[in-house]
Amino acid sequence: MKHLKPDLVYTTNPEISFDGKSFCLTGLFDGYERAKLERYVERKGGTFSANASEETDYLVVGSKGTRCCSFSCCVRVVERAVDLKKSGASLQFIKEADFMDVLDL
């Protein structure tokens, strides 16, 4: 899926909760290291997985990894998540900006 347009699948005005929820981060984040974001979410009761799965509640896509990463892992993760969503998974696609608003960073 070379011409993937993740903007078409993002959740609009997402209501993100953390307690008991599973997150997958992909791409690069503007000004934040992934490890810092993971620690913050874990403190709020969330968990992380390196790959999207049926158990993933939120796929958070970093703003620096959504445009020109045709051959990188972020596209493979997004493609997998799109397939899961088409198969009935309830995961939500979250833009970095929306995620940061909820984290209040």
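Quick summary incoming for the structure in this document. Everything quoted here is computed from the prediction, not taken from an experiment.

### Some remarks on the overall build of the protein
Looking only at helices and strands, the protein has 3 helices and 4 strands in total. Reading the helices (α) and strands (β) of the protein from amino to carboxyl end gives β-α-β-β-α-β-α. Across the 105 residues of the protein, 40% fall into the buried class. Nonlocal contacts in the protein, meaning residues at least 24 apart in sequence, comprise 82% of its contacts between residues at least 6 apart. On the protein, roughly 6300 Å² of surface is accessible, and the fraction owed to carbon and sulfur atoms is 46%.

### So, unusual backbone geometry
We note that N13 has phi near 50°; this positive angle belongs to a residue other than glycine. Residue classification places N13 among the exposed residues on the basis of a relative accessible area of 69%.

### A closer look at the side chain of S22
Structurally, S22 can be placed in strand β1 (residues 22-26). Ignoring sequence-local partners within four residues, the contact set of S22 consists of T47, E55, T56, D57 and Y58.

### Some words on the pairing of β1
Most of β1 is tucked away, with 5 of its 5 residues classed as buried. As paired strands, β1 and strand β2 (residues 47-48) are joined by 2 bridges and run parallel to one another. Looking at the pairing, S22 lines up with T47 of β2. Following the backbone out of β1, through helix α1 (residues 34-43) and into the adjacent parallel β2, one traces a crossover that is right-handed.

### Topic: helix α3 (residues 96-103)
Listed as buried for α3 are E96, F99, M100 and L103. Here the buried residues of α3 occupy an arc of 100° about the axis, which is enough to place them on one side. Across from the buried face of α3, at angles greater than 90 degrees, the exposed residues are A97 and D101. Looking at the buried residues of α3, the elements they touch are β1, α1, β3 (58-61) and β4 (92-95).

### Focus: the sheet that holds β2
Ordered in space as β2-β1-β3-β4, the 4 strands form an open sheet in which the pairing is parallel. Each edge of the open sheet is held by one strand with a lone partner, namely β2 and β4. Against the sheet, α1 touches β1 and β2, its axis set at about 170° to β1. Sheet strands touched by α3: β1, β3 and β4. Its angle to β4, the strand with the most contacts, is close to 85°.

Criteria and thresholds
Residues numbered from 1 in each chain as written. Predicted model: local features only at pLDDT ≥ 70, side-chain atom pairs only at ≥ 80, totals over all residues. Heavy atoms only, no water. Helix = DSSP H or I, 4+ residues; strand = E, 2+ residues; numbered from the N terminus. Buried < 20%, exposed > 50% of the residue type's maximum accessible area, 1.4 Å probe, protein only. Contact = heavy atoms within 4.5 Å. Areas by Shrake-Rupley, 256 points an atom, 1.4 Å probe, with all protein chains shown as cover. Pairing = 2+ DSSP bridges. Right-handed = clockwise from strand over helix to strand, strands pointing away. Arc of directions from axis to C-beta. Axes fitted to C-alpha atoms, helices over the stretch in contact; angles between N-to-C directions.

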